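Structural overview
One letter stands for each residue in the lines below.
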Amino acid sequence: FFIKVFFKFSAMTASAILLVGLRVVHAAYLNKVPMGPPDAILGLAQAFRESTSPQKVNLVVGAYRDGQGRPWVLPSVRTAEARLLEREEPKEYAGIAGLPTFVKRALAFAYGPECEALDRIAGVQTLSGTGACRLAADFYARFLPAGTIVFCSDPTWPNHIPIFQQSGLTVKRYRYLERTTNRLDLQGMLTDISTAPDGSVFVVHACAHNPTGVDPTTEEWVEISDALLRGGHHVLVDMAYQGFASGDSQRDAGALRTLVSAGHSLLLAQSFAKNFGLYGERVGTLSAVCADAEEVERIQSQLKLLIRPMYSNPPIHGALLVSEVLGDESLRSQYDIECASMATRIQKMRLLLRREIEAAGSTHGWSHVTDQIGMFAFTGMNAQMCDELMSKHSIFLTRDGRISLAGINNNNVEYVARAIHDVTNGRALGETA
């Protein structure tokens, strides 16, 4: 009995000493971890939530809102979800590459069902567009020569930069926005493409460029494509707004299809967050246009090797919803109408905002707001103006002057317009403070 008690006590004591030791070591290392900077966009969204102003307006986060400022789940998606529940869809793991039927339908949606390259495209399901971009970054880091530079537009979606940097890649900018006019700097872009080292990576936005809303025309895309081919550059197309930009998913895929037809062996990061309203489901794909079926098999195998230790396999619920909608003729027709309605509301808010700013007495030209496309408008306001909008008027936006049109509706557009006039009156747009 005493021997048992002794050994039991000794074991407990040893465990306690070991735990204490571990805690000391553990705390010592955690105490040296510095505070990270807050995410600029999510931090502003938090500031909006904490504001007590009855007139506060959120023009920050890129998520659609209806005319009453409420989130909207597409009825076609609701119907698809009801079907999944009715047939008691199981919750089994997907394969490493995701749900094959979803990937097949998603790629046909992007490249077009008649695309001659469909049979030679490798594709995997990803954690929305962010996951697709990160997977592409890791793929480039593993298989392109050391020192390959990734060029992103100036400006671009802020997350692009750390995504590629954290994969060990060097990131530089190419000219995109002419800031005095808030329009495309085509010549600057073409010059930067032509002077970049051969074999660089260029990240381009398929439609509804974030944050500017400035898209090249069809003719300009041909010029851009030719310049990229001359440099032997690799292209990553980031397509987060197909259908949401113009209301026509086929039209919004025009740039991608132009590049494929021209012979680019590109990667495509595809997201269904905005156009299907599936923000929290994290649904996307990464695909690669290959030379032949044998190359597809090799690329597919390497993408799976990257995915397996990263997140093993993707979630299935959102992918099943998208697959259900894209695979049913009636639901697809309904979806097209619903997606177009979102784009139409955003376009109407552009027109109304410009009209109300001009009615407030602004002498600035605001045609760039109505010429742009997609969820965002790049206003030309500088950081000081944006700070004043937040401090004086409780209108929250990013300090580069980007506003989310989804946050504007008939109830607040006059207030927003008058506030913009207040902070811009007598001061130049498109200049730093």
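In this report, we go over the structure that sits alongside the text. Quantities reported herein were computed from a predicted structural model and do not represent experimental measurements.

What counts as what
- In every chain, residue numbers begin from 1 and rise along the written sequence.
- Thresholds applied to this predicted model are a pLDDT of at least 70 for local features of residues and 80 or more for the giving and counting of side-chain atom pairs; totals over whole chains, interfaces and linings are not thresholded and use all residues.
- Side-chain measures here rest on the full set of heavy atoms in the structure, leaving out hydrogens and waters.
- Only DSSP runs of H or I with at least four residues qualify as helices, and only runs of E with at least two residues qualify as strands; both kinds are numbered from the N terminus onward.
- Using C-alpha atoms as the atom set, the radius of gyration is obtained and then compared with a globule rule of 2.2 Å times the number of residues to the power 0.38.
- Exposed residues in this analysis have more than 50% of their type's maximum accessible area, buried residues have under 20%, and partly exposed residues fall in between, with area computed by a 1.4 Å probe over protein chains only.
- Contacts are assigned to residue pairs with any non-hydrogen atoms lying within 4.5 Å of each other.
- Positive residues here are Lys and Arg, negative ones are Asp and Glu, while His and the chain termini are left out of the count.
- Taken as the charge location is NZ of Lys, CZ of Arg, CG of Asp or CD of Glu.
- Of the grid points, spaced at 1 Å and generated over the protein atoms alone, those admitting a 1.4 Å probe that cannot get out make up cavities, while open sets with protein on both sides within 12 Å along at least five of seven lines make up pockets; any residue with an atom within 4 Å of a point is treated as lining.
- Grid points are joined across faces, edges and corners, and a volume is the space filled by probe spheres set on the points.
- Only the stretch in contact is used when a helix axis is fitted, and all axes are lines through C-alpha atoms; the angle between N-to-C directions ranges over 0 to 180 degrees.
- In this scheme, roughly parallel covers angles under 35 degrees and roughly antiparallel covers those over 145, while 65 to 115 is roughly perpendicular and the rest are oblique.
- Working rule for handedness: look at the near helix, and if it is turned counterclockwise from the far one by less than a right angle, call the crossing left-handed; if clockwise, right-handed.
- Grouping buried Ala, Val, Leu, Ile, Met, Phe, Trp, Tyr and Cys residues that are joined through side-chain atoms within 4.5 Å yields what is termed a nonpolar core.
- In this scheme, strands are said to pair when DSSP sees at least two bridges between them.
- Basic side-chain nitrogens of Lys or Arg form a salt bridge, by our definition, when they fall within 4 Å of a carboxyl oxygen of Asp or Glu.
- A 3.5 Å cut-off defines polar contacts: any pair of N or O atoms within that distance qualifies, except that in protein one atom must be a possible hydrogen donor and the other a possible acceptor, and neighbouring residues in sequence count only when both atoms are side-chain atoms.
- One less than the residue count of a helix, multiplied by 1.5 Å, gives the span that helix is expected to have.

Some details on the overall build of the chain
- The number of helices and strands found in the chain is 17 helices and 13 strands.
- Against the 2.2 N^0.38 benchmark of 22 Å for 433 residues, the chain shows a C-alpha radius of gyration of 25 Å, consistent with a compact globule.
- Dimensions along the principal axes, computed over C-alpha positions, put the chain at roughly 95 × 55 × 55 Å.
- Taking all 433 residues of the chain together, the buried fraction comes to 52%.
- Within the chain, contacts between residues at least 6 apart in sequence are counted, and of these 76% link residues at least 24 apart.
- Treating the 41 positive side-chain charges of the chain as one cloud and the 44 negative ones as another, the clouds have centres 8 Å apart.

Regarding unusual backbone geometry
- Cis peptide bonds are those with omega within 30 degrees of zero, and the linkage from aspartate 154 to proline 155 qualifies with 5°.
- Inspection of the secondary structure puts proline 155 in the loop between strand 3 (149-154) and helix 6 (160-165).
- Of note, the bond from asparagine 210 into proline 211 is cis; its omega dihedral lies within 30 degrees of zero at 20°.
- As for its position among the elements, proline 211 is in the loop between strand 7 (201-205) and helix 8 (218-230).
- We note that arginine 282 has phi near 55°; this positive angle belongs to a residue other than glycine.
- Looking at the secondary structure, you find arginine 282 in the loop between helix 11 (273-276) and strand 10 (283-289).
- A positive phi angle, near 70°, is found at serine 312, a position not held by glycine.

Points about the environment of asparagine 31
- Locating asparagine 31 in the fold gives a position in the loop between helix 1 (2-30) and helix 2 (40-50).
- Residues asparagine 31 and phenylalanine 244 lie 213 residues apart in sequence; the distance between their C-alpha atoms is 46 Å.

A few points about the layout of surface pockets
- Its volume calculated, the largest pocket comes out at about 1100 Å³.
- In terms of lining, the largest pocket is formed by 44 residues, of which the most central are Ile41, Val61, Gly62, Ala63 and Lys274.
- Counting only elements with at least two residues in the lining of the largest pocket, the list comes to helix 2, strand 1 (57-58), helix 5 (128-143), helix 6, helix 11 and strand 13 (402-404).
- Per-element accounting of the lining of the largest pocket gives the leading share, six residues, to helix 2.

A few points about the packing of helix 7 (residues 186-195) against helix 8
- Helix 8 packs onto helix 7 with a crossing angle of 15° between their chain directions and a minimal axis gap of 9 Å. Taken together, the axis directions place helix 7 and helix 8 in an arrangement best described as roughly parallel. As helix 7 packs across helix 8, the resulting crossing turns out to be right-handed. Contact residues: helix 7 offers Leu186, Met189, Leu190 and Ile193, while helix 8 offers Glu220, Glu223, Ile224, Ala227 and Leu228.

Focus: the nonpolar core
- Judged by nonpolar contacts, the single largest core of 104 residues is most densely connected at Tyr111, Leu266 and Leu353.
- Examining the composition of this core, we find that nine residues originate from one element, helix 14 (residues 329-359), more than from any other.
- If you look at the next biggest cluster of nonpolar residues, it comprises 33 residues, including Ala122, Val150, Ile161 and Ile163.

Things to note about the sheet that holds strand 7
- Taken together, seven strands build an open sheet; the order of strands is 2-10-9-8-7-3-4 and the sheet is mixed. The open sheet has two edge strands with one neighbour each: strand 2 (121-127) and strand 4 (170-175). Taking each pair of neighbouring strands and ignoring which way they run, the sheet shows an average axis angle of 25°.
- Alignment of strand 3 against strand 7, held across two bridges, turns out to be parallel. Pairing of valine 150 across the sheet is with valine 201, part of strand 7.
- Against the sheet, helix 7 contacts strand 4 and strand 7, and its axis sits at roughly 140° relative to strand 4.

So, the pattern of salt bridges
- All told, the structure shown has 20 salt bridges when counted by the stated rule.
- The closest approach of N and O atoms between arginine 120 and glutamate 116, which form a salt bridge, is 2.8 Å.
- In this structure arginine 120 comes out as partly exposed when scored by relative accessible area, which is 22%.
- For arginine 298, the salt bridge goes to glutamate 295, with nearest N and O atoms at 3.7 Å.

Looking at the side chain of arginine 402
- Of note, arginine 402 is situated in strand 13.
- Here arginine 402 occupies a buried position and makes no salt bridge, while the nearest side chain of opposite charge, aspartate 400, is found at 5.3 Å.
- For arginine 402, the side chain forms a polar contact with the main-chain oxygen of valine 60, separated by 2.7 Å.
- Not counting chain neighbours up to four residues away, the residues in contact with arginine 402 comprise Ile41, Leu59, Val60, Asn210, Pro211, Phe376, Ala377, Phe378 and Leu397.

Here's the deal with the side chain of serine 394
- Relative to the assigned elements, serine 394 resides in the loop between helix 16 (383-393) and strand 12 (395-396).
- Relative accessible area serves as the criterion here: at 13%, serine 394 is assigned to the buried category.
- Ignoring sequence-local partners within four residues, the contact set of serine 394 consists of Ser51, Ser53, Gln55, Lys56, Val57 and Leu389.

Description of helix 8
- The first and last C-alpha atoms of helix 8 sit 19 Å apart over 13 residues, in line with the 18 Å expected at 1.5 Å per residue.
- Considering only its buried residues, helix 8 is in contact with helix 7, strand 7, strand 8 (234-239) and helix 10 (254-261).
- Looking one or two residues past helix 8, glycine 232 carries a phi angle of roughly 60°, positive in sign.

Looking at the pairing of strand 10
- Burial of strand 10 is extensive: seven of the seven residues sit out of reach of the surface.
- Neither face of strand 10 is open: one carries Val283, Thr285, Ser287 and Val289, the other Gly284, Leu286 and Ala288, and all of them are buried.
- Here strand 2 runs beside strand 10; their pairing, made up of seven bridges, is antiparallel. Bridge pairing in strand 10 links leucine 127 to valine 283.
- One ladder, built from five bridges, connects strand 9 (residues 267-271) with strand 10; its direction is antiparallel. What sits directly across from glutamine 270, in strand 10, is threonine 285.

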